[in-house]
Amino acid sequence: MRNKLLLLLLLPSTLFAQQYFQDLAEAAGVRDWGPNYGVAIADYDRDGRDDIYVTRSEGPNRLFRNLGDLRFEDVAPELGVAVEGYSTCAVWGDVDNDGWLDLFVGHQQGADRLFRNNGGSFQEITAWAGVFGADGVRAALFADVDRDGDLDLYVARINLENTLYRNLGNGQFENFTLPSGATDPQISMGAVFFDYDRDQDPDLYLTHDAHQPYILYQNDGTGHFTDVSAQSNTNYAGQGMGVDFGDANNDGWLDLYITNLSDNTLLLNQGDGTFLDVSQSAGITDPGMGWGTTFLDFDNDGRPDIYMVNDSYFSPLPNVLYRNLGSSGGIPQFEPLSGDTLLASMEASYGTACADFNNDGLLDLFVANRNGALGNQLLINQTPGAGNWVKFHLRGKESNRFGIGAQLTLESGTLLCTDELAAGSGYASQNSPLLHFGLGDAPAIDRITVRWPSGQVDTYENLPANTTYTLHEGEGLVTSTLETSLDASLVVYPNPTADRIFLQPSETLTDLRFRLLDASGR
């Protein structure tokens, strides 16, 4: 017995990763060999399961509807979103605040497209909405830049002027690029909105290729931006591709991770308007041809890990999963875990995004591989002994309907976690709009603070772990709902209520158990 225990202790981290993720793309029906490029994840039909939209450099694009039990079917042709041409990226956002996520598709060659979601079916509204852009798209983001309660659209283009479309309040847009100040005619690549200074408005970060300095635009809260790149120390000049944000050292401030051709970059938010380049000391400088990237807490220990993908045909280096080991002197420390596994596939990987596809409390990964032998990857997280978790749906009232741009800070004992809901990040990708936090061994959340884009701040206390909650802006009721094994959605109304409440499931359910909590967890 002692010999067996010793062998387990000496196992390399490569076996760890091999055991903990499994590629189920083939069985799930999403392998789809060919020119896959970007990925956008959301529950477009509101059935409680995240679906996957994949852009392709030679169409048609795919919309993989999640059927449950890790099975998917491509419904893009029947729903009218099998867009042809050279699509690079897509992003989901509710442009008319009707509770259904609409779809924007950007192109390297050809006109961009906007589709309204009419309750699970789609109607193209590009011309009516005033979204007239075309060509060179590398990133597309939704955010409420002027905090009027409607989602605006930012499109980053390569060697063309970027475009900021301001929502007029009815799902139609006007070109607001020049008045906003968020211009950029350079070689734009990755882009992300995030509230780096915690003033409850979305700031904008842009990466560039060809050693052009990257840009941090600070929002004044009205959709007017100032370039603060130099004074914030974010004007790194490399061959930039993707970018994502996360609180890498659990200090409550959102940091930036950037993939480049050559060494990647981690910029640590100092909380005073400046960032510190800790790439070398943090151990995340993969020197490959980096593209997509995402922060995710894959083992639910409360520390955000990093997954990044390479075009391994361009530079012979694999994709990498970096596990966050915690901070030393305020600097997060990471170790590569993927080793010789399918997490480290040697494909032309471009987009990647995370979601809990089987609703088991563990974040999974989707990788869009362009041509090559492997096809797309659906990497299902099977981490045994992972920590507790909590997930949040957001529902805005004064803010946009899905709470895009809301920042959540979670406290549990000594654990402090911060994240923000973004629509568009990494490279040509979008993570699930269901925010996920790992809690380690904490059985409950002591407090969670929600800073909404409208300026509203809500606080909830004593929420049990391993539960999915729906947080409504300005309302005290936590409408959370279902056990993780249940593949159904639940409508709760009226909300708020003084006495009676009604629960309507999306399908017939048996042996249903639920609990209702107020804002204090009682």
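Anything mentioned here points back to the structure above.
Residues numbered from 1 in each chain as written. Predicted model: local features only at pLDDT ≥ 70, side-chain atom pairs only at ≥ 80, totals over all residues. Heavy atoms only, no water.

Novice: Would you mind going over the nonpolar core in detail, with residue names and values included?
Specialist: Nonpolar side chains tend toward joint burial in soluble globular proteins. Tyr-53, Leu-63, Trp-92 and Phe-392 are the most contacted members of the largest nonpolar core, which totals 70 residues. With 5 residues, strand E6 (residues 86–93) is the single largest residue contributor to this core. Counting residues domain by domain, this core receives three or more from each of domain 1 (21–381) and domain 2 (388–478). Counting 18 residues, the second-largest nonpolar core is a separate cluster that includes Ala-25, Val-54, Phe-357 and Phe-366. (Core = buried A, V, L, I, M, F, W, Y, C linked by side-chain atoms within 4.5 Å. Buried < 20%, exposed > 50% of the residue type's maximum accessible area, 1.4 Å probe, protein only. Helix = DSSP H or I, 4+ residues; strand = E, 2+ residues; numbered from the N terminus. Domains from an automatic or database assignment.)

Novice: Outline the pairing of strand E33 (residues 435–440), supporting the account with residue identities and numerical values.
Specialist: Within E33, 6 of the 6 residues are buried, leaving the element largely enclosed by the surrounding structure. In this structure, strand E29 (residues 388–395) lies alongside E33, joined through 5 bridges in antiparallel fashion. Looking across to E33, one finds that Phe-392 is bridged to Leu-435. (Pairing = 2+ DSSP bridges.)

Novice: Lay out empty space enclosed by the protein in plain terms, naming residues and giving numbers.
Specialist: Summed over all chains, the structure comprises 4 cavities of 30 Å³ or more. Approximately 440 Å³ is the volume found for the largest cavity. If you go around the largest cavity, you meet 30 residues; those closest to its centre are Phe-295, Leu-296, Asp-419, Leu-435 and His-436. Secondary-structure elements contributing two or more residues to the lining of the largest cavity are strand E18 (240–246), strand E22 (290–296), strand E31 (415–420) and E33. When its residues are assigned to classes, the lining of the largest cavity shows 13 nonpolar, 11 polar and 6 charged. Among the domains, domain 1 (21–381) and domain 2 (388–478) are the pair contributing at least three residues each to the lining of the largest cavity. Looking at the second largest cavity, its volume works out to about 70 Å³. (1 Å grid on protein atoms, 1.4 Å probe; cavity = no way out; pocket = protein on both sides within 12 Å on 5 of 7 lines; lining within 4 Å. Points joined across faces, edges and corners; volume = space filled by probe spheres on them. Nonpolar A, V, L, I, M, F, W, Y, C, P; charged D, E, K, R; others polar.)

Novice: Let's hear about the sheet that holds strand E23 (residues 305–310): which residues, and what values?
Specialist: On the basis of which strands lie adjacent, the open sheet formed by 4 strands has the order E22-E23-E24-E25 and antiparallel pairing. The two strands at the open ends of the sheet, each matched to only one other strand, are E22 and strand E25 (331–336). Across the sheet, the axes of successive neighbouring strands diverge by a mean angle of 25°, strand direction being ignored. (Axes fitted to C-alpha atoms, helices over the stretch in contact; angles between N-to-C directions.)

Novice: Give a detailed account of the sheet that holds strand E4 (residues 62–68), specifying residues and quantitative values.
Specialist: Neighbouring strands of a sheet are bound in pairs by backbone hydrogen bonds; such pairs are parallel or else antiparallel. Taken together, the 5 strands give an open sheet; going across it, the order is E5-E4-E3-E2-E32, and neighbouring strands pair in mixed fashion. Of all the strands in the sheet, the pair left with one neighbour each is strand E5 (71–74) and strand E32 (429–430). Here 3 bridges tie strand E3 (residues 51–56) to E4, and the two strands are oriented antiparallel to one another. In the sheet register, Ile-52 faces E4, and the bridge partner there is Phe-64.

Novice: How would you summarise the packing of aromatic side chains if you had to cite specific residues and measurements?
Specialist: This structure, assessed with the given rule, holds 20 aromatic pairs. Ring geometry for Tyr-44 and Trp-92: centres 6.2 Å apart, planes at 15°, overall stacked. One end of the pair, Tyr-44, is in the loop between strand E2 (36–42) and E3; the other, Trp-92, is in strand E6, with 48 residues separating them in the sequence. Given a relative accessible area of 3%, Tyr-44 falls into the buried group. Residue Trp-92 is classed as buried on the basis of its relative accessible area of 1%. Centre to centre, the rings of Phe-392 and Tyr-469 are 5.9 Å apart; their planes meet at 25°, and the pair counts as stacked. Residue Phe-392 is found in strand E29, and its partner Tyr-469 is found in strand E36 (residues 467–472); the two are separated by 77 residues along the sequence. Tyr-469 shares its class with Phe-392; the two are buried. Three or more aromatic residues link up through ring pairs in this structure, and these residues are Tyr-37, Tyr-86, Trp-291, Tyr-350 and Tyr-427. Above the ring of Phe-176, the side-chain terminus of Arg-166 is found at 3.9 Å from the ring centroid. Above the plane of the ring of Trp-389 lies Lys-391, whose end atom (NZ or CZ) is 5.2 Å from the centre. (Phe/Tyr/Trp six-rings, centres within 6.5 Å; stacked < 30°, edge-to-face > 60°. Lys NZ or Arg CZ within 6 Å of the ring centre and 35° of its normal.)

These results come straight from atomic positions and should not be treated as a statement about function.
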